[in-house]
Amino acid sequence: MHLDDAALPKPILAQVRAILSRDADADRMALVWPHPIRPADALQRVDGTELRVVWCASQLAIRELLVAHEREQASGERRLVLLSPFDERGLAQDVLARLWGHAPKRISAWRTLQQLLHLREIDPRLTTKDYRWIGDCLLDKYECYRDRVPIGDVLDFDLAWRALATALLDLDCESVDLDVLLDWSRRADAAALVAALPEPVERHLEDWLRPRLGPQVDVILALWRNGQAGEMLASGLVCALLYAQERRPGRQAMDALLLARGRFSERLLGGAAIAEATLAAFGSAAVAHLERSLAANPRLDIGPVLDAAEHLLASLDLTHLAADSDLLPKGYDLRVAAFTQALKRLLDQPREQVLEQAAQQPPKQNGHAKAMAASLDALARLERHRLADQRGGVRAQQVLTARMALRACQWLATDTPGDATPAAAIQDYVANGGWLDWARSKLWRGDAHAPLSRLYQRLSARLAQRREAFNQGFARHLPAIARGERIADGIVPIEDTLSELIAPLAGERPVLLVVLDGMSQAVYRELAEDLLRHSWLEMQPAEAAADICLLAALPTITKLSRYALLSGNLGAGVQTDEKQAFAAHAALKQVSSPKAPPRLFHKADLTEPGTGALAGGVRAAIAAEQPRVIGVVVNVIDDQLSSNAQLGVPWSLASVAVLRQMLEAAKESGRLVVLTSDHGHVLDHDMRLVQTATEAERYRSPTELPPGAEPASEEVLIQGRRVALPDHSVMLPWSERLRYGAQKMGYHGGGAPQEVLVPFGVFRSVEDLQPVAGWQEMPRRQPHWWALDAGVSIAEPAVTAAAPSTKDTKGTGAPAAGQLALDFAGDKPAAPADETGAAVWIDALLASPVYARMKRRSGRVPITDEQLRRLLGLLAQGGGQQMMEALAQGLGIPGIRLPGLLAGVQKLLNLDGYPVLSVDRAAKTVKLDIASLRVQFELD
């Protein structure tokens, strides 16, 4: 059988070439070669000489081949090469006499390597007596590393070990460190590779690894020598828990911990004496390695590592320690259990006691405050876990619900005013009730953890009880709403929306009016938060003291209330009526081109047939500047409520895909986007069915009452021009617990605030910096009880939301056209100075020559002197440091605008690049070095 030069092992070919170069007529060459070759009998041509290469397992085979070769020698030039495991001591004299050189030739490892690798020099450390074995090993494994490790003309100590690691451990890495070894250890065959290491290699591993790993080599070698090479990461995770520096248990627990450490050492480390600090450092390194790996590749499968670590903890009877791990799934489960216990202690406190404590005791002595602090701590630990960070996952939703639970508890700890005016009741629901109902909708779904789910049921019952009380109070104002009494600025009857709000806006900018049929205040709050995440900013009238709210037509059904919204008239209508009335609306026509009247699209118009993509005609209309006003009706919420599937939908741009596509088109044309609805809804949370004469879901005719009878205790009879029924009277349930129709997910038509109070929000893209006369961007405004993070709020900020400046602010750093100006409505005073006299040095700064020079040098910056004064005052209140969200609230600007503003301030204050003002984006904090500012600007 003929083979090419590459078929035989390179060391054999190199040795044969060396013999032939010394004796061109050499024949019957014998080489010591311990391993069989395949094929065992082969023909090989080397440098023009034909060879027969045969591997012989016995002396008899060698003798027979020699005899046969002597008979054949006269008939050809073929040479014989014999390979066998025998040296001269293992062969008889008659055999030796026939061999070239009268003895089998040992392959010289270093000489052969020099020939194979074309080496000019070999590190002297490798040729010492202690390392004589390394040449044999490198030669033996040459085929395993020759194409993987680039070796020049000098073989040094590190390169030799790299070649060995590649060949023996399949560890092909230029530089070995702990991270590399931890990553390699996840291989299924890691333990087998280490177990198969030749004895000299295993004995000298420390020489190779200690300079690279330091003290950690003790842990690595102990694991390897104890058959645990494949469990390095699992062992590291356990070490991180067993040897945590902050762990200071009681005596009994410490005794158990010490015993567990001993068992761990015996079982995994073979009893090696390793310092606790080294094991703790190894654990920290393993955790950090996994966290970095997951950050680089969130889909990395580390399940086997986590399973092995949990199994090891269980075998040590230390499963409870998993609660301290941000990675182990069992740790997440234990943290859920801990949160459950903390929430139970919080809910076990009667509300009356909570209110009494809040009024009489300082926060540090307040039992409710302590229980809330413990719950917040348990929540923070839950949020830190890796599983909680998987956006959109089941556990991420579980954590969101846990946050909602604590927010609801904080709301329960607030006092509710008694007899509120209609305006106060409506504004309270808009400012608080919608947020609370968002939380309630999440809590109602419960939790997979049964004890926590039962607590959510308890909490939901308390919230429902207070909601019922509020709704009953709100019912007293329904007659005034029905009569059409004007309640307050910003509370607009739905039929006046086009003339009072949309038309004036369209006079300034093109408008996209999006009517999300059935959207409640709760859904609006959830959706608005997602719009903010997608860089859409909410706006409000410059002088508004509260959010705008629309009052639905009564009863709160689509054919009445949506028609009122889109026509400007009270009455009943269908889609055709809505289109005609919208296009003919007088106020809208006034701000529209005669050639491009207002245009309205309904559900059937919005998407391409057979797909969910926005219809091309709708996209083109929105992306163009005309028509000036475009309305669209999106039925996704009402459709969801009409189903009987108990499916919770997180309301976002992802779940309302057509809205996302419309927003993209609106951004192209610079349209303002208005999100509103025709009415809200109530969810079916164990509602009670009341049979009626009609199929209406949440209203009925007064004619159903027997003569002289009164409405039920959960209903109210109202009359007035805004009751858009023929006789202008209707009976509505004010309670959220009553339904008249077949069971669904949700209902509308009644008189609960969730149905009557319609959200209204104006949004623009963050890329849009042009002023809108009479309107301003608003900061992320949430109820005080909604915030769960320490340091987010500043007490009594006393500022209004930011507005684009239209004033002549010459000499005060006014921004040029096209820049966003952060203007504070009215002439509000600057932020209150602290007791250290911040106002004095702030005045001195703004008047200093150095500051004037920095302003000239910096050119245009998006901040005025008064705005800078307020920013510095807020930072001074916090001792020179504030959270970014707190600053945004204090300045009255959207948080997304803050980085640009701070960049402008850094241009003004960071003299010669010195970080007077610094921003830590990871910690979300802003720091002002007041002492350095005084020095740099020569204020002292």
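Residues numbered from 1 in each chain as written. Predicted model: local features only at pLDDT ≥ 70, side-chain atom pairs only at ≥ 80, totals over all residues. Heavy atoms only, no water.

When you look at the packing of helix α13 (residues 232-242) against helix α15 (residues 276-296) in this model, what are you seeing that I'm missing?
A packed helix pair is summarised by two numbers, namely the angle formed by the two axes and the spacing between the axes. The geometry of α13 relative to α15 is characterised by a closest axis approach of 7 Å and an angle of 120° between their N-to-C directions. Between α13 and α15 lies a crossing of left-handed hand. Of the residues in α15, those in contact with M232, L233, S235, G236, L237, C239 and A240 of α13 are L279, F282, G283, S284, A286, V287, H289 and L290. Among the residues making up the contact of α13 with α15, the classes are represented as 10 nonpolar, five polar and no charged. (Axes fitted to C-alpha atoms, helices over the stretch in contact; angles between N-to-C directions. Helix = DSSP H or I, 4+ residues; strand = E, 2+ residues; numbered from the N terminus. Left-handed = near helix turned anticlockwise from the far one by under 90°. Contact = heavy atoms within 4.5 Å. Nonpolar A, V, L, I, M, F, W, Y, C, P; charged D, E, K, R; others polar.)

Can you help me understand the nonpolar core in this one?
Across soluble globular proteins, nonpolar side chains have a tendency to be buried as a group. Of all hydrophobic cores here, the largest spans 108 residues; its most connected members are L138, Y145, W224, L242 and F264. When residues of this core are assigned to their parent elements, the largest contribution, 10 residues, is made by helix α7 (residues 157-169). The next biggest cluster of nonpolar side chains, apart from the first, holds 37 residues, and it includes M372, A388, V399 and W786. (Core = buried A, V, L, I, M, F, W, Y, C linked by side-chain atoms within 4.5 Å. Buried < 20%, exposed > 50% of the residue type's maximum accessible area, 1.4 Å probe, protein only.)

I keep staring at helix α1 (residues 10-22) and nothing clicks. Help me out?
At 3.6 residues per turn, the α-helix brings residues three or four places apart onto the same side. Helix length check: α1, at 13 residues, gives a terminal C-alpha distance of 18 Å against a target of 18 Å (1.5 Å per residue), a fit within 8%. Regarding α1, the residues found buried are P11, I12, L13, A14, Q15, V16, A18, I19 and L20. Looking at the buried side of α1, the elements it contacts are β2 (29-32), β3 (41-46), β4 (49-55), β5 (79-84), α4 (109-117) and α5 (132-140). (Expected span 1.5 Å × (residues − 1).)

What should I look at first to understand the sheet that holds strand β27 (residues 925-928) in this one?
Strand pairing in a sheet relies on backbone hydrogen bonds, with the paired strands running either antiparallel or parallel. Taken in spatial order, the three strands make up an open sheet running β25-β27-β26, and their pairing is antiparallel. In this open sheet, the two strands that pair with only one neighbour each are β25 (881-883) and β26 (917-920). Between one strand and the next, the sheet's axes are offset by a mean angle of 20°, whatever the strand orientation. When β26 meets β27, the two strands line up antiparallel, connected through four bridges. Bridged to S918 within β27 is K927. Relative to β26, helix α38 (residues 898-909) is tilted by about 145°, and along the sheet it contacts β26 and β27. (Pairing = 2+ DSSP bridges.)

Help me understand the environment of A308, please; the structure alone is not making it clear to me.
Checked against the element boundaries, A308 lands in helix α16 (residues 303-315). In this structure, the C-alpha to C-alpha distance between A308 and L505, residues 197 residues apart in sequence, is 62 Å. Once residues lying within four places of it in the same chain are set aside, the contact partners of A308 are E231 and A234.

Mind showing me how you'd approach helix α24 (residues 497-508) here?
Helix length check: α24 (12 residues) gives 16 Å between terminal C-alpha atoms against 16 Å at 1.5 Å per residue, within 8%. If you check which residues of α24 are buried, you get T497, L498, L501, I502, A503, L505 and A506.

Would you mind showing me how to read the pairing of β27 here?
In the case of a regular strand, side chains alternate between the two sheet surfaces. Strand direction decides the pairing type here: β25 and β27, joined by three bridges, are antiparallel. By the bridge assignment for β27, M883 is matched with T925.

Would you explain the pattern of salt bridges in this entry?
Any two side chains of opposite charge can pair, so long as their charged atoms come close to each other. All chains considered together, the criterion is met by 61 salt bridges. Here D94 makes a salt bridge to R98, at a shortest N to O gap of 3.6 Å. Of this pair, D94 and R98 both sit in helix α3 (residues 93-98), four residues apart, roughly one helical turn. The partly exposed category is assigned to R98, whose relative accessible area is 25%. Here R722 and E495 are joined by a salt bridge, their closest N and O atoms 2.9 Å apart. Taken together, the residues span a long stretch of sequence, with R722 in the loop between β17 (715-719) and β18 (729-733) and E495 in the loop between β8 (491-493) and α24 at a distance of 227 residues. (Salt bridge = Lys/Arg side-chain N within 4 Å of Asp/Glu carboxyl O.)

Taken by themselves, the reported measurements are silent on function.
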